[in-house]
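Chain residues, written in single-letter form:
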Number of protein chains: 2
Amino acid sequence: MKPAHIAETEDCRQISQMLSRVGDKWSMLVVTYLGEEGMRFSELRRGIGNISQKMLTTSLRNLERDGFVKRTVLPTSPPRVDYELTDLGRELLVPVAGLADWTRENVHRIETARKEYDLLHKP
Amino acid sequence: MKPAHIAETEDCRQISQMLSRVGDKWSMLVVTYLGEEGMRFSELRRGIGNISQKMLTTSLRNLERDGFVKRTVLPTSPPRVDYELTDLGRELLVPVAGLADWTRENVHRIETARKEYDLLHKP
DNA sequence: CCGTATCCCCGCAGATACTG
DNA sequence: CAGTATCTGCGGGGATACGG
């Protein structure tokens, strides 16, 4: 009812969506590959290595729709399609890198916690 | 083969895991609820509102295993179980908040991109 | 009150084959 | 080369019932 409350839940929805996009299997991998330089579809596919054509297409579409990736079709034959990050995409990389850095710095603590937990609960 | 390369892919695995944990449906919601103060299971359940008992349990177990959440069983009758963030959990909240803030600041750009995309591709 | 076990449904993701 | 279409399996996650 209260505007503040509505705004809060709205924000939560958006942030939740964002976390999902960031957390899904391929999106951030694609984005980091594109971070280095624009690439065509097949370069990206080979670079990532394990991704199916379908999932790469889907990921790129989602990222394009959200404005993180720009798609350019070169009218050559055979067709050539280039992908690159937009400004928004590059900016997104900043907070994501923050999370990545934090993870790198704290993997040990996490793994230690896991070992301890497993030690107490698995046997 | 090269140590650097191995480290890189290892890091990627870890970071990818972290992004998944952060991006999964309930984890961060639980963590932000706990951020405010320790809570017992049922409070958490009611607070979040839409989560099933199963998923709340699962989320809490995962978070506990990774060392983000501490679980305390009070030997009363009926039993009472309290959850609270660990130091690690609270620290995690920092980079996550960074991403959340970035999202809040850029929702309009994302939604604008979506509308434009849908306008061009849906009809 | 808290947790586990069981069942079941739905959507994601891989494989494959086909079009522009 | 890039993308779509179709099929299928597998696992996440909800509902329910029961145990400690």
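Scoring rules and cut-offs
- Residues numbered from 1 in each chain as written.
- Chains lettered and ligands numbered in written order.
- Predicted model: local features only at pLDDT ≥ 70, side-chain atom pairs only at ≥ 80, totals over all residues.
- Heavy atoms only, no water.
- Helix = DSSP H or I, 4+ residues; strand = E, 2+ residues; numbered from the N terminus.
- Rg over C-alpha atoms; globule rule 2.2 N^0.38 Å.
- Buried < 20%, exposed > 50% of the residue type's maximum accessible area, 1.4 Å probe, protein only.
- Contact = heavy atoms within 4.5 Å.
- Areas by Shrake-Rupley, 256 points an atom, 1.4 Å probe, with all protein chains shown as cover.
- Lys, Arg positive; Asp, Glu negative; His and termini not counted.
- Charge placed at Lys NZ, Arg CZ, Asp CG, Glu CD.
- Core = buried A, V, L, I, M, F, W, Y, C linked by side-chain atoms within 4.5 Å.
- Pairing = 2+ DSSP bridges.
- Axes fitted to C-alpha atoms, helices over the stretch in contact; angles between N-to-C directions.
- Near = heavy atom within 4 Å.
- Polar contact = N/O pair within 3.5 Å; in protein donor to acceptor, adjacent residues only side chain to side chain.
- Nonpolar A, V, L, I, M, F, W, Y, C, P; charged D, E, K, R; others polar.
- Buried area = accessible area lost by both parts, 1.4 Å probe.
- Salt bridge = Lys/Arg side-chain N within 4 Å of Asp/Glu carboxyl O.

A. Just the overall build of chain A, in detail. Across its full length, chain A carries five helices and three strands. For chain A, the succession of helices and strands along the chain, N to C, is α-α-β-α-α-β-β-α. What you see for chain A is a C-alpha radius of gyration of 19 Å, clearly larger than the 14 Å of a compact globule of 123 residues, by over 25%. Projected onto the principal axes, the alpha-carbon positions of chain A cover approximately 60 × 50 × 25 Å. Out of the 123 residues in chain A, the part that is buried amounts to 38%. In chain A, once contacts between residues fewer than 6 apart in sequence are set aside, the share between residues at least 24 apart is 41%. Summed over its atoms, the accessible surface of chain A is roughly 7,400 Å², and 55% of this surface lies on carbon and sulfur atoms. When the 19 basic and 18 acidic side-chain charges of chain A are each reduced to a single mean position, those positions are 7 Å apart.

B. Region of interest: the nonpolar core. Core analysis: the biggest nonpolar cluster contains 59 residues, and A:Leu34, A:Leu60, B:Leu34 and B:Leu60 have the highest contact counts within it. When residues no more than four places from it in sequence are discounted, the contact partners of A:Leu60 are A:Val30, A:Leu34, A:Phe41, A:Leu44, A:Val69 and A:Tyr83.

C. Up close: the sheet that holds strand 3 (residues 80-85) of chain A. All names here are of chain A. Spatial ordering of the open sheet is given by 1-3-2, a layout of three strands whose pairing is antiparallel. Each having just a single partner strand, strand 1 (39-40) and strand 2 (69-74) make up the two edges of the open sheet. Where strand 2 and strand 3 come together, six bridges link them in antiparallel fashion. Across the sheet, Leu74 pairs through a bridge with Arg80, a residue of strand 3. Set on the sheet, helix 2 (residues 27-36) makes contact with strand 1, strand 2 and strand 3; between it and strand 3 the angle comes to about 95 degrees.

D. Focus on the protein's contact with DNA strand C. In the neighbourhood of DNA strand C, 18 residues make up the surrounding shell, with A:Lys54, A:Met55, B:Ser42, B:Gln53 and B:Arg71 lying closest. Residue A:Lys25 places a side-chain N or O atom 3.0 Å away from a phosphate oxygen belonging to DNA strand C. Looking at the surface near DNA strand C, the elements with two or more residues in it are helix 4 (53-65) of chain A together with helix 3 (41-48), helix 4 (53-65) and strand 3 (80-85) of chain B. Looking at the surface near DNA strand C, the element that brings in the most residues is helix 4 of chain B, giving four residues. Residue classes in the surface near DNA strand C are distributed as eight nonpolar, four polar and six charged.

E. The arrangement of the side chain of B:Gln14 in detail. Along the chain, B:Gln14 falls in helix 1 (residues 3-23). What B:Gln14 contacts, discounting residues up to four positions off in sequence, is A:Thr103, A:Val107 and A:Glu111.

F. Geometry of the protein's contact with DNA strand D. Surrounding DNA strand D, one finds 17 residues, the nearest of these being A:Phe41, A:Ser42, A:Arg71, B:Lys54 and B:Met55. The protein-proximal atoms of DNA strand D, defined as those within 4 Å of the protein, are 58% sugar or phosphate. One nitrogen or oxygen atom from the side chain of A:Arg61 is found 3.5 Å from a phosphate oxygen belonging to DNA strand D. In this structure, A:Tyr83 approaches DNA strand D through a side-chain N or O atom, which is 2.9 Å from a phosphate oxygen. Of all the secondary-structure elements, those providing two or more residues to the surface near DNA strand D are helix 3 (41-48), helix 4 and strand 3 of chain A together with helix 4 of chain B.

G. Main features of the interface of chain B and chain A. Each partner contributes to the interface: chain B provides 36 residues, whereas chain A provides 36 residues. Counting each side, the surface lost to burial between chain B and chain A is near 3,700 Å², with a carbon and sulfur contribution of 63%. Together, B:Arg65, B:Leu99 and B:Trp102 form the three largest contributors to the area buried by chain B at its contact with chain A, with a combined 18%. The interface formed by chain B and chain A contains eight salt bridges.

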